[in-house]
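Per-entry structural report
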Amino acid sequence: MNMRRYRVDSLCCFICVMASVMQAVLGQEASSRSRAPDGDGLIEVSGELKQWHKITLDVHGPHASETADLPNPFANYQMDVTFTHESGTPSYVVPGYFAADGDAAETSANSGTVWRAHLSPDKVGVWNYRVSFVTGKCIVEGDATQATPVPLVHGKQGSFSVGPTDKSGRDFRARGRLCYVGERYLQFAGHGEYFLKAGPDAPETLLAYVDFDDTVASKRNVPLKTWQPHERDWRMGDPVWKGDKGKGLIGAVNYLAGKGCNSLSFLPYNAGGDGDNVWPFVSRNDKLHYDCSKLDQWGIIFDHATANGIFLHFKLQENESDDNRVGHQRNERPVPESLDGGKLGPERRLYIRELVARFGHALALNWNLGEENTQSTAEQLEMIRFIRQMDPYDHHVVVHTFPDQQDSVYTPLLGAASGLTGASLQNSWQAAHTRTVKWVRASEEAGQSWVVCNDEQNPASHGVPPDIGYNGHDGVAKEGNTSYTMHDVRKRTLWGTLMAGGAGVEYYFGYQLPQNDLVCEDFRSRDQSWDYCRIALEFFRQQRIPLTEMSCRDDLVGNARHENGTYCLAKRGEVYLVYLSDGGSAELDLSGASGTFQVQWFNPRSGGSLVESTITKVEAGQWVALGTPPSDQGEDWLVMVRKG
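Position numbers for residues start from 1 in each chain and track the written sequence from start to end. Under the rules for a predicted model, residues below a pLDDT of 70 receive no local features and side-chain atom pairs below 80 are neither given nor counted, while totals for whole chains, interfaces and linings still include all residues. For the side-chain quantities, the full set of heavy atoms in the structure was used; hydrogens and water were omitted.

This next bit is on the sheet that holds strand β27 (residues 596-602). If DSSP finds at least two bridges between two strands, the strands pair. Helix and strand assignments come from DSSP, with helices taken as H or I runs of at least 4 residues and strands as E runs of at least 2, each series counted from the N terminus. Reading across from one edge, β23-β24-β25-β30-β27-β28 is the order of the six strands in this open sheet, with antiparallel pairing throughout. Two strands close off the open sheet at either side, each with one partner strand: β23 (551-552) and β28 (617-619). Any two residues having at least one pair of non-hydrogen atoms within 4.5 Å are treated as being in contact. In this analysis, axes come from line fits to C-alpha atoms, helices being fitted only over the stretch in contact, and the angle between any two N-to-C directions falls in the range 0 to 180 degrees. Its contacts with the sheet put helix α9 (residues 486-498) on β24 (566-571), β25 (575-580), β27 and β30 (637-643), and the angle it makes with β24 is roughly 20°.

Below you can see the structure in the form of structure tokens.
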């Protein structure tokens, strides 16, 4: 009886096992039948097929989902498109990305068969393309030996014709790509003009916007933005998504452009930081899956910025999440928000690749390694080299750090070998001139001139104050026992930077002031400051100042140690700019020059034409008096002394 029971039990087990196997097989067949089909392998080219414009190449390839683990469309597939001009030069290997259904900004799709790459062509004529599409386990590690071609689309080729741009004015597509050319200033490739920037460094949480998909607030005191104060700046015909979303932030871009600003700064990733409300991933801590619809919506803002002459300052990570230690002290708990603990691992590689693939076509941008960055020099160098490897357009790369860490961070990165092309300075609003002079000269002495900008003003509690009278505020800020207003910032930060040979400024809004760095949604809080920025930028452009041929020569006005507010930027023997922060008079050393020089005055508060004052001409070969301002003698003035 026991034997019979054993045989029966064995038979039952066998039947159960076979049933399980059949169920699994049938389940796999059912899953295979229910899986969405792959694309048909076709390639579509869209956009305005014109020089400097965004051209999009869509590949209808394997079906994927942004949340899938195997295959993960971000980590297990890699599409690159080689675009080559018919002349053979240039040729760009552009990283592609998974774009879900190809219309995710509108549909919020998280799956599909569209894979996408963007080109911003710098030549008119025929462009040829060839698609590389591979899959494997170690794509983000760069291990090509474990990658295999996807026959559906790998190796496909084609071509399209590009005509001349039809843009003008502020639109960067009228000027071409902004390039680092070994000078202190970036240069437009199509126009040849050098670039000075001015705009907001705040809010760092710019992208924490209610109209972006899957964007959530993690902290009660840092709500998501509506950008409602700027909805009135949106214009008919401007982009939106899902009917009427995006008007507030699009309007904010319009406002800044209308004020004459030309830059915008933001964090694409701040998990664990002050705001803790911006990340490109499908969820806060999932750093291997990207949110297609959210990123497409970011792209709408960025493309609108390009069309309105707004430079994009990507601060790639926040201080709190740039390495693997809280407070960056030894033996503290790990930071889960850091990308690979600060090293160049799969998370950081994928993050850089995705940002370059989706937004690298923008004509004017820089990649900033991070706000108040504390990675080691070795980690910074690895990151710079990978950005250079990924970015086909070789955009400007900078790093930002604490004021008291500039020597330790910047010094090892000086020289061409590092790949760094500039410094993003943070310091007291009063120290902008001296710090800019220091790093401009240090970079020149190391053999590669840096583009040096003043991008954050201390104290952190105040930064750049709002306009006098904004929402009843008195417009006064404090640094220790020193009170100051936007007028002082104009003198010491804006003009202090430009007269030092710096390439521009971005204004930080202190956390104790209205519309601060975390919650700002109203750029009109600094409306007058933007006017002062516009006036300064217009002066250098309209007067055709030969920036790359000039240098800071404060010694020529008796300020060799840069300790007072009298600054001099000079092309010796040709043109001298003398800035008087507090008005009054000055003398200029023309002992090394010859001939007659014309003396004219410019009002940095109201702009306008150059005017004459008490002295109109001076003879070189000696120290000369420049006279006194034509009016408002206690206010700041700029004197231009030009030969002939």
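On we go from here.
All right, on to the pattern of salt bridges then. Counted as salt bridges are all cases of a side-chain nitrogen of Lys or Arg within 4 Å of a carboxyl oxygen of Asp or Glu. Enumeration over the complete set of coordinates arrives at 34 salt bridges. We note a salt bridge from R534 to D531, for which the minimum N-O separation is 2.8 Å. Placement of both R534 and D531 in helix α10 (residues 527-542) is noted, with a separation of three residues, approximately one turn of the helix. Note on D531: relative accessible area 15%, which makes it buried. A single network of salt bridges, built from pairs that share partners, joins K259, D527, D531, R534 and E538. Exposed residues in this analysis have more than 50% of their type's maximum accessible area, buried residues have under 20%, and partly exposed residues fall in between, with area computed by a 1.4 Å probe over protein chains only.

Take the nonpolar core next. Taken as a class, soluble globular proteins show a tendency for nonpolar side chains to be buried jointly. Of all hydrophobic cores here, the largest spans 149 residues; its most connected members are W495, F523, F539, F540 and L577. When residues in this core are grouped by element, the largest group, eight residues, is from α10. Setting aside its immediate chain neighbours within four residues, F540 contacts L196, W495, L498, I545, L547, L569 and L577. In terms of nonpolar packing, the next biggest core, distinct from the first, is built from 21 residues, C568, A586, A620 and W637 among them. Here, nonpolar core refers to any group of buried Ala, Val, Leu, Ile, Met, Phe, Trp, Tyr and Cys residues whose side-chain atoms link them within 4.5 Å.

Our focus in this paragraph is the confidence of the model for the protein chain. The predictor reports its confidence for every residue as pLDDT, a score running from 0 up to 100. Confidence in the prediction for the protein chain averages 93 pLDDT; 93% of positions are at 70 or higher. Here residues 1-33 is modelled with pLDDT under 50, and outside its nearest four sequence neighbours on either side it reaches zero contacts, counting other chains as well.

A few words now on the sheet that holds strand β5 (residues 97-98). Taken in spatial order, the four strands line up as β1-β2-β6-β5 in an open sheet, and their pairing is antiparallel. Each of the sheet's edge strands pairs with one partner strand only, and the pair in question is β1 (43-47) and β5. The pairing of strand β2 (residues 55-65) with strand β6 (residues 111-119) spans eight bridges and is classified as antiparallel. Bridging from a neighbouring strand, L57 pairs with A117 of β6.

Another point: the pairing of β30. Every regular strand shows the same layout, with side chains that alternate between the two sheet faces. Counting buried residues along β30, five of its seven residues qualify, which places the element largely inside the surrounding structure. With six bridges connecting them, β25 and β30 associate as antiparallel partners. Paired with Y579 across the strands is L638, a residue of β30. Pairing between β27 and β30: six bridges, direction antiparallel. If you follow V599 over to β30, its bridge partner there is V641.

Helix-helix packing: each pair is described by the crossing angle between the helix axes and the interaxial distance. Packing of α9 against α10 brings their axes to within 11 Å, and their N-to-C directions diverge by 30°. The angle between the axes of α9 and α10 places the two elements in the roughly parallel class. Handedness of the crossing formed by α9 with α10: right-handed. Side by side, α9 and α10 meet where M486, H487, R490, L494, W495 and L498 of the first sit next to Q528, S529, Y532, C533, A536, F539 and F540 of the second. In terms of residue class, the contact of α9 with α10 is made up of nine nonpolar, three polar and one charged. Between 65 and 115 degrees an angle is taken as roughly perpendicular, under 35 as roughly parallel, over 145 as roughly antiparallel, and anywhere else as oblique. Crossing handedness is defined as follows: a turn of the near helix away from the far one that is anticlockwise and smaller than a right angle gives a left-handed crossing, while the clockwise case is right-handed. Only Asp, Glu, Lys and Arg are considered charged, only Ala, Val, Leu, Ile, Met, Phe, Trp, Tyr, Cys and Pro nonpolar, and every remaining residue, Gly among them, polar.

Structurally, S293 can be placed in helix α4 (residues 292-307). Residue S293 is classed as buried on the basis of its relative accessible area of 2%. Only 2.8 Å separates the side chain of S293 from the side chain of D213, close enough to count as a polar contact. Counting of polar contacts relies on pairs of N or O atoms within 3.5 Å, with two restrictions inside protein: one atom must be capable of donating a hydrogen and the other of accepting it, and residues adjacent in sequence are counted only when both atoms are side-chain atoms.

Let us now look at the packing of helix α5 (residues 346-359) against helix α6 (residues 377-390). Between α5 and α6, the least distance of the axes is 10 Å, while the angle of their chain directions is 40°. As summarised for this structure, α5 and α6 are arranged oblique, according to the angle between their axes. Crossing angle aside, the handedness with which α5 passes α6 is right-handed. Here R348, R349, I352, R353 and V356 of α5 lie close against α6, whose contacting residues are M383, F386, I387 and M390.

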